[in-house]
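Here are the chains, one letter per residue:
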Amino acid sequence: MIGRMSQIPPGPSAGRAFTRFLIGFALVEGALLSAIMLAMVFEIITVGQMIPMIMVIALAGCAALTWRVLTLNKHKQRETSAYATQVPQSGPAQGYGDSAGLNDLGQQDPMAKYRDPNR
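Let us look at the structure shown here.

Each value, and the rule that gives it
- Residues numbered from 1 in each chain as written.
- Predicted model: local features only at pLDDT ≥ 70, side-chain atom pairs only at ≥ 80, totals over all residues.
- Heavy atoms only, no water.
- Phe/Tyr/Trp six-rings, centres within 6.5 Å; stacked < 30°, edge-to-face > 60°.
- Helix = DSSP H or I, 4+ residues; strand = E, 2+ residues; numbered from the N terminus.
- Buried < 20%, exposed > 50% of the residue type's maximum accessible area, 1.4 Å probe, protein only.
- Patch = residues over 30% accessible without salt bridge, like charges linked within 9 Å, V, L, I, M, F, W, Y side chains within 5 Å.
- Areas by Shrake-Rupley, 256 points an atom, 1.4 Å probe, with all protein chains shown as cover.
- Salt bridge = Lys/Arg side-chain N within 4 Å of Asp/Glu carboxyl O.

With that settled, consider the packing of aromatic side chains. By the definition in use, this model includes two aromatic pairs. Centre to centre, the rings of Phe18 and Phe21 are 6.3 Å apart; their planes meet at 20 degrees, and the pair counts as stacked. One end of the pair, Phe18, and the other, Phe21, are both in helix 1 (residues 12-41), three residues apart, so they sit about a helical turn from each other. Take Phe21: its relative accessible area is 9%, and that puts it in the buried class. Relative to Phe25, the ring of Phe21 has its centre 6.2 Å away and its plane inclined at 25 degrees; by these criteria the two rings are stacked.

Where nonpolar side chains cluster on the molecular surface, the patch consists of Leu38, Val41, Phe42 and Ile44 and spans about 470 Å² of accessible area. Secondary-structure assignment places Phe42 in the loop between helix 1 and helix 2 (47-86).

Keep in mind that these numbers describe shape and distance, not what the molecule does.
Below, the structure written as structure tokens:
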């Protein structure tokens, strides 16, 4: 199931999928580090072997987390750019007719009464 999480489209479920990924990642990482510590306690491996193992696990975990975050950012950028092409763009309000107190989104501008009318 973890391998298929990267195929989930961004949206409300993407946050849940990322949370599931983080929980799964923490469980796997914790199990591996616990196994290394137990092997050290029962003298199956030495300190000289334990340190490189921990470094490899830490670097692999860093690579996995970085890959997942970059993948989610890429999906989010695609979603945002697709949404931006669908939203009509309107320029700033011109003139002082009905739109003089409106901002670019067409909402009432609370600072309109303090602005220079000659701008």
